[in-house]
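Overview (structure and organization)
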Amino acid sequence: MSTLIINVINNQNNAPAINIDFISPLTKTSTGISEASKIGSFIAYVMVIDTDNGPNGQIKCNIHHKMFQLSNMGSKEYKILVKEPLDRETIDHYVVSIVCHDMGSPPLKTKKQFSVKVTDVNDVEPHFTKETFQFLTYENQKVNFPIGFINATDPDLGDGGQLTYSIINDNNNDNIPFQLTKYGFISTSQPIDREVKDIYNLQVLVKDNGTPSLNNTANILIEILDKNDNAPYFIFPNNDPYNLDVHYHPHSKKDITILKASDKDTGNNAFLTYGILRSNDKNLFTVNSHTGVLSFSRTVYQNDAGTYELQFIVKDGGTPVQSATTAIILTLFVSNDTSPMLTAVHSQSDNNLNMTWIIIIVAAAVILSVAIVVSITMCVFKCINHFNNSSAEKDNPKFLSQTEMRQILYQTNNPVAITRNAEEIFSRNLQSINPKCSYYPEIDQLTNEWNYSTTPRKLPPVPQIYNKQVADGSYEQGDNSSTLTSNNLSDTLPSQRDHNCAWNEGDIKHQPAEYSNYTPNIPPMPKSGQEQDTYLEPIYKK
């Protein structure tokens, strides 16, 4: 009898299978763990199944993760542990992969993933956005007037993130005029008076509703702004009315006393100005509006002695303006060494006299200034006219002025032709002027003072309004430029025939011998084909 042993060799290799059993499963592939879990905490059990024999059934598993690790329990069993502290506020969810492979050839491996959710624990206390909150508000506000808002944060979830605010009152006897809602709004709980307290330093507490409850504190600084709700008051004089005796000597100072006042307000509301409401007709006193110094406004005389009831006012610079008044009964004693009595009438008379002199001086200065300006202006105009006349004489010194021509060429009813014949011009002018006329007594002298100047000049065409022309026989009749018919200024000068200032036949017979034998000084006429005009030229006596 023989025994046959048959060894069956398994040439088939299977991959391992991974089973994970969570301590706090959320789903088949997820688990939850508290962020308060310590290092080494057990979160899941792992079992690996491989039916192969030999090296094909030998299993090796590992996890590559910074927060979790895999611990070998033997017999293809493992456990997953916490490797590092967890913080949900930093990372609240992890994805973990576990890999197992056999030792076969070739090795076969299996990979399986699962997720770990970190649950919240109230481990973070609330945190204020500022260490100190500062607010400003005016006094005398109504109840529930909003002051400001404080804010704190808590990253915890659920009740751990729900915050409640409150004011810490260390001294229960101290009445705090503020209230704080659970949401962080600060408001007034009663009217505030800055004059009682102007700055409030408070401490606020915030806490969450988690278990255990966590809290934190911060500082609140509330400054009360002033309103002009207080009127100023006099410190001196402290009585109303106040009796004051003043003894004046010639060498006494002008200052009498100093008014003092105060105001509980601040800033412009406490900026005080002084004034006199009621004084006397003598205007003897004045007060400095800023310093309150009461002094004499002028020289004190013997007749100023007496009793004065003065009323003063002090005002602040607030809105609306607050004020206070007081009265001083001042008795003035004047030394006999002071100046003699000076009545108000004399003083007023002196003032009027001074004003009169001022007016007279100013008026005289104005009149003198106007006279100087007028004189300068006239001199300037005279200089300008003299300069123009001198320039005209220099430009045309050899020709007669218009006035001299009018004296020579006196108008008549008959047109006079001005020709180029100098002798004819002189004869006609001599016949047109009556030497006996009272209007021309200087003709006797003028007739001996003329000679002739011939200057080429073309005369304008003969006007067509005249009906008689006198032409020179030595020129062609068709040349209108050789003669010029004129009424000799008949349009501008009045006719003198009615005054016997024109020549007639009777006057010619009685001419003096000097005129009948007068031969004009006629310069020789240039012989050229071009005609020339003849003008009278005065002979200046040297």
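Residues numbered from 1 in each chain as written. Predicted model: local features only at pLDDT ≥ 70, side-chain atom pairs only at ≥ 80, totals over all residues. Heavy atoms only, no water.

1. Details of the pattern of salt bridges
This is how it is decided: The term salt bridge refers to a side-chain nitrogen of Lys or Arg lying within 4 Å of a carboxyl oxygen of Asp or Glu. Per the convention used, a helix needs a DSSP run of H or I reaching at least four residues, while a strand needs a run of E reaching at least two, with both numbered from the N terminus.
Under the criterion given, the structure shown has seven salt bridges. Here R88 ties to E89 by a salt bridge, and the two come within 3.3 Å at their closest N and O atoms. A salt bridge links E309 to R278, with the nearest nitrogen and oxygen atoms 3.1 Å apart. Linking E309 in strand β26 (residues 306–315) with R278 in strand β23 (residues 273–278), this pair joins segments that are 31 residues apart in sequence. Each of R88, E89 and D120 takes part in a single network of salt bridges with overlapping partners.

2. Concerning the pairing of strand β7 (residues 77–82)
Under the convention used in this document: By this definition, two strands are paired if DSSP reports at least two bridges between them.
Pairing of strand β4 (residues 42–49) with β7 involves five bridges; the strand directions are antiparallel. When the bridges of β7 are listed, Y45 appears paired with K79. Sheet topology places strand β6 (residues 68–74) next to β7; six bridges connect them, and they run antiparallel. In the strand pairing of β7, F68 is matched with V82. Connecting the antiparallel pair β6 and β7 is a turn made up of two residues, with S75 showing a positive phi of about 55 degrees.

3. Re the environment of Y248
With respect to the helices, strands and loops of the structure, Y248 is situated in strand β20 (residues 242–248). Residues Y248 and F333 lie 85 residues apart in sequence; the distance between their C-alpha atoms is 5.9 Å.

4. Focus on the UniProt feature "transmembrane region" (unreviewed entry) in the protein
As a reminder of what qualifies: UniProt positions are given in the numbering used here, feature names are shortened, and annotations may be inferred rather than shown by experiment.
In the numbering adopted here, UniProt assigns the feature "transmembrane region" (unreviewed entry) to residues 357–381. With 100% helix and 0% strand, the stretch residues 357–381 has end C-alpha atoms that lie 37 Å from each other.

5. What to know about the sheet that holds strand β1 (residues 17–22)
Basically, it comes down to this: The convention used is that axes are lines fitted to C-alpha atoms, helices contributing only their stretch in contact, and that angles between N-to-C directions extend from 0 to 180 degrees.
The strand order across the open sheet formed by four strands is β1-β4-β7-β6, and the pairing between neighbours is antiparallel. Sheet topology places β1 and β6 at the edges, where each strand pairs with a single neighbour. In this sheet, adjacent strand axes meet at a mean angle of 25 degrees when their direction is disregarded.

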